[in-house]
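Working through the structure, step by step
Listed here are the chains, written in short residue letters.
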Amino acid sequence: AQSVTQLDSQVPVFEEAPVELRCNYSSSVSVYLFWYVQYPNQGLQLLLKYLSGSTLVKGINGFEAEFNKSQTSFHLRKPSVHISDTAEYFCAVSDRQAGTALIFGKGTTLSVSS
Amino acid sequence: ETGVTQTPRHLVMGMTNKKSLKCEQHLGHNAMYWYKQSAKKPLELMFVYSLEERVENNSVPSRFSPECPNSSHLFLHLHTLQPEDSALYLCASSQVGDARLYGYTFGSGTRLTVV
């Protein structure tokens, strides 16, 4: 069975600092990987996804993520964060071969302060 | 209106009440999902409807009852809930077979408080 582990429940950073949100997955089959963002009082919005090809994926709002198959990781990064990036971030995985449901991690709260 | 719309946004109900959550999507999708989001827990998949048929039910208590009358509408009927059922309930939609490629489109959720 697939599972997703987000190693940090909260990440506080200062504005304009770089940030990395960590995500590891457990799966015996090939997977697709996603990062979602949830702003306060809103639903989840797709940031970026990895399907195949280049292991470095670029998404919206200046975020990028790198797929590392050997380490089963899909960490999210941004070189310089803004106050407006304060939100909850969710990593998710789906099975390439079967099923339609995404499996989500517990989420990481990114808090950006000035 | 576009996207996935959930109503109401907030709901407070007593443990003996009966209420329903509504989800509507205007994206032409044919799969819909209910998720429960509790603080510091992974999103819990509750129900999946694909082409209006329920295809997945992850051992959800019977006090939650889904209904999918057509591919655009999804309901979650609630009765005799417990305080631990207080959470944000999220609806999502996708195209069957494409969710793995494109992910889901989520609504803004219904914040449910059981008193």
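Keep in mind it's a predicted model, so treat the numbers as computed, not measured.

1. A closer look at the sheet that holds strand E7 (residues 64-70) of chain B
Residue and element names in this part refer to chain B. In spatial order, the strands read E1-E3-E8-E7; together these four strands make up an open sheet with antiparallel pairing. Looking at the sheet topology across the chains shown, the edges are occupied by strand E1 (4-7) and E7. Averaged over all adjacent pairs, the angle separating strand axes in this sheet is 20 degrees, with direction ignored. Where E7 meets strand E8 (residues 73-79), five bridges bridge the pair, whose relative direction is antiparallel. The residue bridging Phe64 from the neighbouring strand is Leu78, located in E8.

2. Focus on the nonpolar core
Leu33(A), Trp35(A), Leu47(A), Leu48(A), Phe74(A), Leu76(A) and Tyr89(A) are the most contacted members of the largest nonpolar core, which totals 28 residues. For this core, the secondary structure elements donating two or more residues are strand E2 (10-14), strand E3 (19-21), strand E5 (31-38), strand E6 (44-50), strand E8 (64-68), strand E9 (73-78), strand E10 (87-95) and strand E12 (108-113) of chain A. Discounting chain neighbours no more than four positions away, the residues touching Leu76(A) are Val19(A), Glu20(A), Leu21(A), Trp35(A), Leu47(A), Leu48(A), Phe63(A), Glu64(A), Ala65(A) and Tyr89(A). Counting 22 residues, the second largest nonpolar core, distinct from the first, contains Leu11(B), Trp34(B), Met46(B) and Phe47(B).

3. Regarding the packing of aromatic side chains
Scanning all chains against the criterion turns up 13 aromatic pairs over all chains. Consider the rings of Phe104(A) and Phe106(B), whose centres lie 5.9 Å apart with planes at 75 degrees: the pair is edge-to-face. Here Phe104(A), found in strand E11 (residues 103-104), pairs with Phe106(B), found in strand E10 (residues 105-106), and the two come from separate chains. For the residue pair Phe104(A) and Phe106(B), the accessibility class agrees, reading buried in each case. Three or more aromatic residues joined by ring pairs make a cluster, and in this case those are Phe34(A), Tyr36(A), Phe104(A), Tyr33(B), Tyr35(B), Tyr104(B) and Phe106(B).

4. Structural notes on the confidence of the model for chain B
Per-residue pLDDT for chain B has a mean of 90; in total, 97% of the residues score no lower than 70. Per-element averaging of pLDDT across chain B places helix H1 (residues 99-102) of chain B at the bottom with 70 and strand E3 (residues 18-25) of chain B at the top with 97.

5. A word on the state of the cysteines
Residues and elements named next belong to chain A. According to the stated counting rule, one finds two disulfides over all chains in the structure shown. A sulfur-sulfur distance of 2.0 Å marks the disulfide that ties Cys23 to Cys91. Every disulfide takes its handedness from the sign of the S-S torsion; for Cys23 and Cys91 that torsion is -65 degrees, giving left-handed. Of this pair, Cys23 sits in the loop between E3 and strand E4 (24-26) while Cys91 sits in strand E10; the two residues are 68 residues apart in sequence, bridging distant segments of the chain. Overall, the relative accessible area of 0% leaves Cys91 in the buried class.

Rules used in this analysis
Residues numbered from 1 in each chain as written. Chains lettered and ligands numbered in written order. Predicted model: local features only at pLDDT ≥ 70, side-chain atom pairs only at ≥ 80, totals over all residues. Heavy atoms only, no water. Pairing = 2+ DSSP bridges. Helix = DSSP H or I, 4+ residues; strand = E, 2+ residues; numbered from the N terminus. Axes fitted to C-alpha atoms, helices over the stretch in contact; angles between N-to-C directions. Core = buried A, V, L, I, M, F, W, Y, C linked by side-chain atoms within 4.5 Å. Buried < 20%, exposed > 50% of the residue type's maximum accessible area, 1.4 Å probe, protein only. Contact = heavy atoms within 4.5 Å. Phe/Tyr/Trp six-rings, centres within 6.5 Å; stacked < 30°, edge-to-face > 60°. pLDDT = per-residue confidence, 0-100. Disulfide = S-S within 2.5 Å.

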